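Residues per chain are reported as follows:
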Amino acid sequence: MLMKSRVLMIGAASVLALSACTKKEVTAPGATPTTATATASDNAVAATVNGVPIHVATVDLMVKERTAQGQPDSPELRKAIIDNLAMQTLVAAEAVKKGLDKTPEAQRQLEIVRSSLLANAFVQDYIKTNPVTDAMVKAEYEKLNAKAGASEYKARHILVATEAEAKDIVAKLKKDMKVFAALAKEKSMDPGSKANGGDLGWFNPSGMVPEFGAAVAKLEKGKFTEEPVKSQFGYHVIVLDDSRAVTPPPFEQVQEQLKQQVQRNNLKAFFDDMKAKAKIDIVGAPAAPAVPASPTAPAATAPAVTK
């Protein structure tokens, strides 16, 4: 794709970060004091199962997770949670009787669960002890607006494999610009735009690969690139149809979204530094199973230009 990915990928840590940033404390109307604040003792018991306690704090934790997902707190919800915990306790006890907790598979799964819970607890603590300030959010807003630029463009392009093909297209356009759409449908390798005569619609040049974005920003309305533009995808002949000023959204409208983005960026930087300082030895990762090629699979084509 010509459009650069705007998705931040930081592996499992990003999931933890996103969860931590977006989770909200929700107190339902009419909720009991134990749902709104953690006033119950950690040792307070909500039920027992063959003498094994189910603690109020455990129930409260699960209620908090459900209300954060939009479920209202209610006696019915709490009873359902206790019933589920009671059954889980019974079944777990039977598993222990059979020695299933000692099997290698169970031990590995327990270690994974423990590691995940501790990692999530660390993320929660990091967010609490490293709050995002208004100044950080404002700086991110200004940085993104500066990167986006003041204008967006409407353009068409024809993507070909060689410079010679591109120059041949340029020569034809110099004789008659009206053949652009036909040439795009006939010759362009970009399946995302060729059917539309190479039309890319409106886009911000900062979202395109650098060579393409820079070329579009320099063009005059109605003109095309007389020198083919080379990118990692091939050679482009671009015509600029129009441009318009871009008004960024009000700060207040995107403030919360930017706050979460800054928090994710901070976490990623912290995790990247942690990983760089760690000694990680991959002894031998198992190879992925080979996938046989399909005889009906289409031939590879140039990535589509998408917004």
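Quick caveat, the model's predicted, so the values are computed rather than measured.

1. Looking at the packing of aromatic side chains
Aromatic ring pairs are reported here in terms of the distance separating the ring centres and the angle at which the planes meet. Per the stated rule, a full pass over the model turns up five aromatic pairs. Between Y126 and F270, the aromatic rings sit 5.0 Å apart at their centres with planes inclined by 50°, giving tilted as the arrangement. In this pair, Y126 sits in helix α5 (residues 104-129) while F270 sits in helix α10 (residues 251-277), placing the two residues 144 residues apart along the sequence. Take Y126: its relative accessible area is 12%, and that puts it in the buried class. Its relative accessible area of 32% is what places F270 among the partly exposed residues.

2. A word on the pairing of strand β3 (residues 151-160)
Among the 10 residues in β3, eight count as buried, and that is most of the element. Bridge analysis of β3 against strand β6 (residues 234-245) gives 10 bridges, and the strand direction is antiparallel. Note on β6: the bridge partner recorded for I158 is V237. For β3 and strand β4 (residues 199-203), the ladder comprises three bridges, and the chain directions are antiparallel.

3. Points about the confidence of the model for the chain
Scored by pLDDT, the chain comes out at a mean of 83, with 79% of its residues at no less than 70. At the level of individual helices and strands, the chain shows its lowest average pLDDT in helix α2 (residues 33-36), which scores 39, and its highest in helix α7 (residues 163-175), which scores 97. This stretch, residues 1-40, has a pLDDT under 50; its non-local contacts, to residues over four places away or in other chains, come to 64 contacts. Within the model, pLDDT remains below 50 along residues 292-307, and this stretch shows 26 contacts once partners closer than five positions in the same chain are excluded.

4. Focus: the pairing of β6
In this structure, strand β5 (residues 229-231) lies alongside β6, joined through three bridges in antiparallel fashion. Counted as the bridge partner of K230 is Y235 from β6. Joining the antiparallel neighbours β5 and β6 is a turn of two residues.

5. Re α7
A rise of 1.5 Å per residue sets the reference length of α7, with its 13 residues, at 18 Å; its end C-alpha atoms lie 19 Å apart and thus fit the reference within 8%. Among all positions of α7, only A166, I169, V170 and L173 are buried. When α7 is viewed along its axis, its buried side chains cluster within an angular range of 105° and face the same direction. Away from its buried face by more than 90 degrees, α7 exposes A164, K174 and K175. Among the structural elements, β3, α8 (180-187) and β6 are those in contact with the buried residues of α7.

Quick notes on the rules
Residues numbered from 1 in each chain as written. Predicted model: local features only at pLDDT ≥ 70, side-chain atom pairs only at ≥ 80, totals over all residues. Heavy atoms only, no water. Phe/Tyr/Trp six-rings, centres within 6.5 Å; stacked < 30°, edge-to-face > 60°. Helix = DSSP H or I, 4+ residues; strand = E, 2+ residues; numbered from the N terminus. Buried < 20%, exposed > 50% of the residue type's maximum accessible area, 1.4 Å probe, protein only. Pairing = 2+ DSSP bridges. pLDDT = per-residue confidence, 0-100. Contact = heavy atoms within 4.5 Å. Expected span 1.5 Å × (residues − 1). Arc of directions from axis to C-beta.

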